[in-house]
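Overview (structure and organization)
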Amino acid sequence: MTAIERLDGEEARAAIPALTEILRDAVANGASVGFMDWNSAADLERFWRDVAAEVAAGRILLFIARDRSGIVGTAQLHPVGKPNQPHRAEIAKVLVHSRARRRGIGEALMRAAEAAALALGRDLLVLDTDEAGAARRLYNRLGWTELGTIPRYALMPDGRDCGSTFFYKQLG
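Attention here is on the structure that accompanies the text. (Residues numbered from 1 in each chain as written. Predicted model: local features only at pLDDT ≥ 70, side-chain atom pairs only at ≥ 80, totals over all residues. Heavy atoms only, no water.)

Further remarks concern the overall build of the chain. The helix and strand tally for the chain stands at five helices and seven strands. Secondary structure of the chain in N-to-C order comes out as β-α-α-α-β-β-β-α-β-α-β-β. The C-alpha atoms of the chain give a radius of gyration of 15 Å, which matches the 16 Å a tight globule of 172 residues would have. Surface summary for the chain: the accessible area is close to 8900 Å², and the carbon and sulfur share equals 51%. Distance between charge centroids for the chain: 3 Å, based on 23 positive and 22 negative side chains. (Helix = DSSP H or I, 4+ residues; strand = E, 2+ residues; numbered from the N terminus. Rg over C-alpha atoms; globule rule 2.2 N^0.38 Å. Areas by Shrake-Rupley, 256 points an atom, 1.4 Å probe, with all protein chains shown as cover. Lys, Arg positive; Asp, Glu negative; His and termini not counted. Charge placed at Lys NZ, Arg CZ, Asp CG, Glu CD.)

So, in structure tokens, the structure goes:
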């Protein structure tokens, strides 16, 4: 059984080792998630320390998936802080460790983030993902609308070009 939890700042700081491992696994398996093959464990840990600080400040909502082995997945909800966009939020870093994939964890994390967005009055969500990744199929299955792909938007961890496909979803 896998449980989805929303972490507060202190819990996010305590989860940094597990979150760093999930990010390391994603990069090692070729996910275009903002990091390269050459990034160190310290780089990945620094990223999660920054996320934990944003969680503590109330600017990011951090969700994790936990099973008997520990934390196996994560997702973030970033409410947009601009005065003219109080209805919008962004989904980021939906990651599931390779040992826990194909068990519905990504979908459960997305549903938790969507529910939290609605609870905050955010009924328009946006995200982007690697044009060739499995997450694209997940977002389509969950009713997200695909806007299009920008070629060469980012790089894969090995340095190859990667297009990013952008999605949105109207909630409620």
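To continue, consider the sheet that holds strand β2 (residues 61-67). Read across the sheet, seven strands follow the order β1-β2-β3-β4-β5-β7-β6 without closing on themselves; strand pairing throughout is mixed. Both outer strands of the open sheet, β1 (3-7) and β6 (145-155), are each paired with one neighbouring strand and no more. Pairwise comparison of adjacent strand axes, ignoring direction, gives a mean angle of 25° for this sheet. Across the sheet, helix α2 (residues 16-28) lies against β2, β3 (70-79) and β4 (88-96), angled at about 90° from β3, the strand it touches most. Contacting β4, β5 (124-130), β6 and β7 (161-170), helix α5 (residues 134-141) runs over the sheet at an angle of about 155° to β5. (Pairing = 2+ DSSP bridges. Axes fitted to C-alpha atoms, helices over the stretch in contact; angles between N-to-C directions. Contact = heavy atoms within 4.5 Å.)

Okay, the packing of aromatic side chains next. Per the counting criterion, the structure on display carries five aromatic pairs. Measuring from centroid to centroid gives 6.2 Å for Tyr139 and Trp144, while their planes differ by 55°, and the two rings are tilted. Comparing Tyr139 with Trp144, the two get one shared label, buried. Aromatic rings pair up to connect Phe35, Phe47 and Trp48 into one cluster. (Phe/Tyr/Trp six-rings, centres within 6.5 Å; stacked < 30°, edge-to-face > 60°. Buried < 20%, exposed > 50% of the residue type's maximum accessible area, 1.4 Å probe, protein only.)

Regular strands place side chains that alternate from one sheet face to the opposite one. The buried fraction of β2 amounts to six of the seven residues, a majority that puts the element mostly inside the structure. The pairing of β1 with β2 spans five bridges and is antiparallel. Paired with Ala3 across the strands is Arg66, a residue of β2. One ladder, built from seven bridges, connects β2 with β3; its direction is antiparallel. Directly across from Phe63, in β3, lies its bridge partner Ala75.

Across its 15 residues, helix α4 (residues 105-119) extends 21 Å between first and last C-alpha, which sits within 8% of the 21 Å expected from 1.5 Å per residue. Residues of α4 that are buried include every one of Ile105, Gly106, Leu109, Met110, Ala112, Ala113, Glu114, Ala116 and Ala117, and no others. (Expected span 1.5 Å × (residues − 1).)

Another aspect to go through is the pairing of β4. Strand direction decides the pairing type here: β3 and β4, joined by six bridges, are antiparallel. Paired with Thr74 across the two strands is Leu95, which belongs to β4. In the sheet, β4 pairs with β5 via three bridges, with the strands oriented parallel. Of the residues in β5, the one forming a bridge with Arg88 is Leu124.

As a packed pair, α2 and helix α3 (residues 41-56) sit with axes 9 Å apart at the nearest point and diverge in direction by 125°. Overall, the two elements α2 and α3 adopt an arrangement that is oblique. Seen along the crossing, α2 lies across α3 with a hand that is right-handed. In this structure, α2 contributes Ile16, Leu19, Thr20, Leu23 and Arg24 to the contact, and α3 contributes Ala41, Leu44, Glu45, Phe47, Trp48, Arg49 and Ala52. (Parallel < 35°, antiparallel > 145°, perpendicular 65-115°, else oblique. Left-handed = near helix turned anticlockwise from the far one by under 90°.)

The analysis is restricted to geometry; functional conclusions fall outside its scope.
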